[in-house]
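Fold and contact review
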Amino acid sequence: MKKVLVLLLASFVLLTACSSKSDNGTSTSEGTNDTASKGTKALTAWAWDANFNVKALNMAKDAYAAQNPDVKIDVQENAQADIVQKLNTGLNSGTTKGLPNIVLIEDYRAQSFLQAYPDAFYDLSSVINASDFADYKIGPTSLDGKQYGVPFDSGVAGLYVRKDLLEQSGYKVEDLQDVNWDKIIEIGKAVKAKTGKALLTQDPNDLGLIRMMIQSAGSWYTKEDGSTPNLKDNAILKQALETYKKLMEADIVKVTSDWSQFVGAFNSGDVATVPTGNWITASVKAEASQSGQWAVVPFPTLPNTPSSVHASNLGGSSWYVLNIDGKEAAADFLKQTFGSNADLYQNLNKEIGAIGTLKAAASGEAYSAADEFFGGQKITADFAKWTEQIPRVNYGMHTYEIEDLLAVEVQNYLNGKALDKVLSDAQSQAETQIH
Amino acid sequence: MGKLKRTFTYVFLSVVSLVSIFPFLWMLISATNKSVDVTKGKLTIGSHLVDNFKKLTDTIDLGTAFWNSAKISIITTVLALLVASLAGYGFEIFRTKTKDAVFNILLMSMMIPFAALMVPLFKMFASIANSFPALGVNTLPAVILPTFTTAFLIFFFRQSTKMFPRELLEAGRIDGLRELGLFFRIYMPTMKTTYAAAGIITFMSSWNSYLWPLIVLQTPEKKTIPLLISNLGSSYSPDYGVIMTAVVISTIPTALVFFLMQKHFVAGMTGSVK
Amino acid sequence: MKTAKPGIKLMNKGRLTGWWFIAIAVIMIAAFYFYPMIQALLLSFKTGKGANLHFTGLDNYKRLFSDRTFLAAVKNTFIYLIIQVPVMIVLAMFISVLLNDSKLKFKGFFRTAIFLPCVTSLVAYSIVFKYLFGADGLVNMLLTKLHLISAPIQWITDPFWAKVTIIIAITWRWTGYNMIFYLSALQNIDNSIYEAARIDGASAVRQFFSITVPLLKPIILFTSITSTIGTLQLFDEIVNITKGGPGNATMSISQYIYNLSFKYSPDFGYAATVSYSIVIMIVILSIVQFKAAGDK
């Protein structure tokens, strides 16, 4: 049966021969992609975002090539969702064909990959020094005491604020330094009353704000082990949801349903603040006419929560090496570049605005530059400072799974369901869902 | 034809057409604006079309991707029409109880979401590649082979064959045509509009197909248009002007295929060889 | 075969010819659909994360009944199905009959315009769509101007209206697609039938119901079955327009399968189980539709 199938397939190759002739040629030469032979080593690396991660990878490649001309790195751009699909399909099929040597994985998803495919990733414990990086990055990138990821960009959060709108409402930027969310909501009401503008945007399908709030207090959807749901009786999550409801009910939120609407809202000046990760800077600056009107203040703390600090995180990702031929070379590449090269991070910051999590990079000159768009504020230095204060949590394997369950219950909560019931229902659903 | 009915027809079709193309027109306009204006929902024509196009061609190799997509779509469409129409004809003209059963079983292949088949299918091609590299992952046959035969199209041809005037076959037999001759000389030309409809639909779905090419195509120079467009959106700061431009460009081939093919839908032609 | 009598041989030959016509299709579908489908069926009895799977018997199937997300997805999907499929089929048929008028001008334009929505990738369309249906979007502006509503409708973020938006989006995108099948079928109807009816004094409405609909029956069956399958496998519209929200108010079964495989910690076993639940539902629905159509 198999032979018949193969024969049939072969006959179809003939049918398509005219156009696949050139393809066959290249595909056989690509067969040697992942084998390290004859001196030169060929590595492939996957990342998403042409203007950010992919560019960072290319800059690292150039920096590395100067000392290691025998290593050829093929940087391939794939959308994040595409990488997740290809990686899952590939690893699940048990074939290493077509897998890259180096891959970028979002921190929220990292544990799920590391735990679902235990031998698929190469242990980098002896290659990089975990203590060289911001502490909060080690949670997602390590498993059972082994370091698998090279921490990359910081998703450190801040509150981007419109100085002019605040001033029109009777506030100064200084009034927003080191405050909690209750104060922000109060300011939001004043902004709405004076200027008619919303305080911020929220997409009901995206609980990023809640994630930032609970991480600022060192809590997460799951317990330390990364798999036990931690919703019911989670005082911090409860406080975050109460704050969220207060915010939503104060009539100071512009509801969006899309990334483009989120970006559009602050570009058109419809909101006074944007609480999010530092990577939004490029999009904020895209509206050049608002230059000088923006500032960034520390992320607000959760009210009545002593453990909450003025630092949190949203997003961010790290580099991983797959346990296939070429892993030593790939590990060496990461070690020499993202793993230790502080100068590279200066260039990354200058060229693409990336803020790394390598501690040594924070003292470089690029990090202390003043940004005129933000009225001369040294935003990179501020973000780097906050990065080191982000509480370390274990994102675990189920962040998105639990968040989808929670999103349903949050809707119920906004419609009047009691909070304790909301959390215990979410908890019991999470317990049945997670195996 | 009553004047009232005529007026109604024009008004109704105009409204439906307007509703249908309005978002597309918006996209066309957005393709001429820079990202900041797109996100603000600007509805007037801007001056950034050339700029967007340049940025697009700088980030992606549009020519290669177009060529890849075209190759895959054309080969898929030709093979699909041939195989599905032969089968649809076979099932209907030579109808037996057994064949009906086989047909019903084939229909079941439509029912499972492709996402569930992906991993086994990928495994299959990865193992075939060990003995037949030309068929393996990252080759053109690997993209086309599993996708060109669809129960959907066989079903369509079979249903359309029910409307085919069988007397024509008898006439052909009398003229001494063999079975394949009947199919190619009589059935095919008679069913021109069915082929046109099937061609449009197959070309479109092949041109837009995403999941399987994504999994099976590995290297950048093999990638198709939809895969590259997907890259554009995955970003901390997506350039919406460029995305709109890319999508408008990617729509052109299918729209063109449709426009050319729809001319075959000529009212009043019974298709029969009159 | 060799020993068969001549008469039987001839009959067999006729039947055999039929098999030759369908052979390639059957082999291809067996290899590229049924083989992986069997693998997926086996997978549906396994559980585990990633590649560490073990057999659990029917546990996955039992899990379906206590899985609230799955049940919500099934409910949503059926709402889409019951409301959207009939509306779209009737609309597609109606439009194609109007377009089939030989004296109609701008036919090419009308057809292309109506077909266009299904051509373009939803990635960009959805951005525009969400502007149209945003709280301060064009649709609300229009409805307010016409005094049809007093407060803006939350098209995307209200659980009820989000479903309506999805139904509008699917209808808008796929009506033109289904129109193609009707247009092609209408060409195969002999005009002389209509001429005869007209001479008999049958009205246009009468002609439509007593000639067009019965003759189009095979295609009506085709479009209703394929649209049913399409709706049960609905994915793009949901992911791009509402992401399944608010909460899980618009989540579809296919989106849930995707989430189980890729968004969450990968559980391919349970994802396969959910896929097979669709197969079971479609088989039942198709049998009903075939019976309703009198096996045409």
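Residues numbered from 1 in each chain as written. Chains lettered and ligands numbered in written order. Predicted model: local features only at pLDDT ≥ 70, side-chain atom pairs only at ≥ 80, totals over all residues. Heavy atoms only, no water.

1. Focus on the overall build of chain B
A count of helical and extended segments in chain B gives 14 helices and zero strands. Put simply, chain B runs from its N terminus to its C terminus through helices and strands in the order α-α-α-α-α-α-α-α-α-α-α-α-α-α. When the backbone C-alpha atoms are referred to their principal axes, chain B occupies close to 70 × 70 × 30 Å. Every one of the 274 residues in chain B was classed for burial, and the buried ones make up 63%. Element-wise, carbon and sulfur atoms account for 69% of the exposed surface of chain B, whose accessible area totals about 10300 Å². Positive and negative charge centroids in chain B, built from 24 and 12 side chains respectively, lie 5 Å apart. (Helix = DSSP H or I, 4+ residues; strand = E, 2+ residues; numbered from the N terminus. Buried < 20%, exposed > 50% of the residue type's maximum accessible area, 1.4 Å probe, protein only. Areas by Shrake-Rupley, 256 points an atom, 1.4 Å probe, with all protein chains shown as cover. Lys, Arg positive; Asp, Glu negative; His and termini not counted. Charge placed at Lys NZ, Arg CZ, Asp CG, Glu CD.)

2. A word on the interface of chain C and chain B
Interface size is commonly expressed as the accessible surface area that is lost when the partners come together. Tallying the contact residues gives 91 residues for chain C and 97 residues for chain B. Buried surface at the junction of chain C and chain B, both sides included, amounts to about 8500 Å², of which 78% is carbon and sulfur. Where chain C packs against chain B, one counts one salt bridge. Notably, a salt bridge pairs R6 of chain B with D101 of chain C, separated by 2.7 Å at the nearest N-O pair. Viewed at the interface, chain B and chain C are joined by eleven residue pairs in polar contact (both at pLDDT 80 or more). (Contact = heavy atoms within 4.5 Å. Buried area = accessible area lost by both parts, 1.4 Å probe. Salt bridge = Lys/Arg side-chain N within 4 Å of Asp/Glu carboxyl O. Polar contact = N/O pair within 3.5 Å; in protein donor to acceptor, adjacent residues only side chain to side chain.)

3. Things to note about the pairing of strand β12 (residues 317–321) of chain A
Residue and element names in this part refer to chain A. Judged by how many residues are buried, β12 sits mostly within the fold: five of five residues are covered. A two-sided burial pattern is seen for β12, the buried positions comprising S317, W319 and V321 on one face and S318 and Y320 on the other. Two strands pair when backbone bridges link them, and strand β6 (residues 149–151) and β12 are joined in this way by three bridges, in the antiparallel orientation. Considered in β12, the bridge of G149 is made with Y320. (Pairing = 2+ DSSP bridges.)

4. Thoughts on helix α7 (residues 140–148) of chain B
Where burial is concerned, most of α7 of chain B is hidden: eight out of the nine residues are buried. Looking only at α7 of chain B, the buried set comprises L140, P141, A142, V143, I144, L145, P146 and F148 of chain B.

5. Here we look at the sheet that holds β12 of chain A
Residues and elements named next belong to chain A. Strand order in the open sheet made by the five strands is β2-β1-β3-β12-β6, with mixed pairing throughout. Looking along the sheet, the strands with just one partner apiece sit at the ends: β2 (71–77) and β6. Each neighbouring strand pair of the sheet contributes to a mean axis angle of 25°, computed without reference to strand direction. With five bridges joining them, strand β3 (residues 102–106) and β12 adopt antiparallel strand pairing. Bridged to I102 within β12 is V321. (Axes fitted to C-alpha atoms, helices over the stretch in contact; angles between N-to-C directions.)

6. Thoughts on the nonpolar core
Ranked by size, the top nonpolar core spans 287 residues in total, and within it L87, F121, Y221, W319, F338 and L348 of chain A together with F115 of chain C carry the most contacts. Two domains each provide a minimum of three residues to this core, namely domain 1 (6–43) and domain 2 (59–293) of chain C. In contact with F121 of chain A, other than residues within four places in its own chain, are L91, V103, I105, F113, L114, Y148, Y320, V321, L322 and N323 of chain A. (Core = buried A, V, L, I, M, F, W, Y, C linked by side-chain atoms within 4.5 Å. Domains from an automatic or database assignment.)

7. Details of the pattern of salt bridges
In the structure shown here, the tally under the stated rule is 34 salt bridges over all chains. In this structure, R162 of chain A and D164 of chain A form a salt bridge, with 2.9 Å as the shortest nitrogen-oxygen distance. For the pair R162 of chain A and D164 of chain A, a shared accessibility class is recorded, and that class is buried. As a salt-bridge pair, E92 of chain B and K162 of chain B come within 3.3 Å of each other at their nearest N and O atoms. On the criterion of sequence distance, the pair formed by E92 of chain B in helix α4 (residues 62–93) and K162 of chain B in the loop between α8 (151–161) and α9 (167–174) is long-range, its members being 70 residues apart. Of the residues examined, E92 of chain B reaches a relative accessible area of 6% and is grouped as buried. If you follow the salt bridges from partner to partner, you end up with E92, R95, D100, R158, K162 and R166 of chain B in one network.

8. As for the domain arrangement of chain C
Residues and elements named next belong to chain C. Examined at the domain level, chain C breaks down into domain 1 (6–43) and domain 2 (59–293). Each side of the interface is counted separately: domain 1 has five residues, and domain 2 has six residues. Roughly 410 Å² of surface becomes buried between domain 1 and domain 2 when both sides are summed, with 67% attributable to carbon and sulfur atoms. On the domain 1 side of the interface with domain 2, the three residues burying the most area are M37, L41 and L43, jointly 85% of the side's total. Where domain 1 packs against domain 2, one counts zero salt bridges. For the pair domain 1 and domain 2, the number of links is one residue pair in polar contact (both at pLDDT 80 or more).

9. Things to note about the sheet that holds strand β7 (residues 157–162) of chain A
All names here are of chain A. Taken together, three strands build an open sheet; the order of strands is β10-β7-β11 and the sheet is antiparallel. Strands at the two margins of the open sheet, each flanked by one partner only, are β10 (273–277) and β11 (294–298). On average, adjacent strands in this sheet sit at an angle of 30° to one another, irrespective of strand direction. When β7 meets β10, the two strands line up antiparallel, connected through five bridges. Looking across to β10, one finds that G158 is bridged to T276.

10. Notes on the packing of helix α3 (residues 49–59) of chain B against helix α14 (residues 240–261) of chain B
Residues and elements named next belong to chain B. For the pair α3 and α14, the least separation of the axes is 9 Å and the interaxial angle reads 85°. By the angle between their axes, α3 is roughly perpendicular relative to α14. Here L49, N52, F53, K55 and L56 of α3 lie close against α14, whose contacting residues are G241, V242, T245, A246 and I249. Its residues assigned to classes, the contact of α3 with α14 comprises six nonpolar, three polar and one charged. (Parallel < 35°, antiparallel > 145°, perpendicular 65-115°, else oblique. Nonpolar A, V, L, I, M, F, W, Y, C, P; charged D, E, K, R; others polar.)

11. Observations concerning the packing of aromatic side chains
To describe a pair of aromatic rings, you give the distance between the ring centres and the angle between the ring planes. A full pass over the atoms with the stated rule returns 71 aromatic pairs over all chains. Note on W259 of chain A and F262 of chain A: the rings are 5.2 Å apart at their centroids and 70° apart in plane angle, and the pair reads as edge-to-face. Separated by three residues within a single helix, W259 of chain A and F262 of chain A lie in helix α11 (residues 259–267), roughly one turn from each other. According to the relative accessible area criterion, W259 of chain A is partly exposed, its value standing at 30%. Exposure remark for F262 of chain A: the relative accessible area of 14% places this residue in the buried category. Here the aromatic rings of F208 of chain C and F209 of chain C are separated by 5.0 Å at their centres, their planes lie at 85°, and the arrangement is edge-to-face. The buried category is assigned to F208 of chain C, whose relative accessible area is 17%. Each residue in the set F52, F152, W259, F262, F266, W279, W294, W319, F338 and Y345 of chain A together with Y236 of chain B is aromatic and connected to the rest through ring pairs, giving one cluster. For K245 of chain A, the ring lying beneath its charged end belongs to Y413 of chain A, and the centroid distance is 4.6 Å. If you follow R63 of chain C out to its NZ or CZ, it ends over the ring of Y270 of chain C, 3.7 Å from the centre. (Phe/Tyr/Trp six-rings, centres within 6.5 Å; stacked < 30°, edge-to-face > 60°. Lys NZ or Arg CZ within 6 Å of the ring centre and 35° of its normal.)

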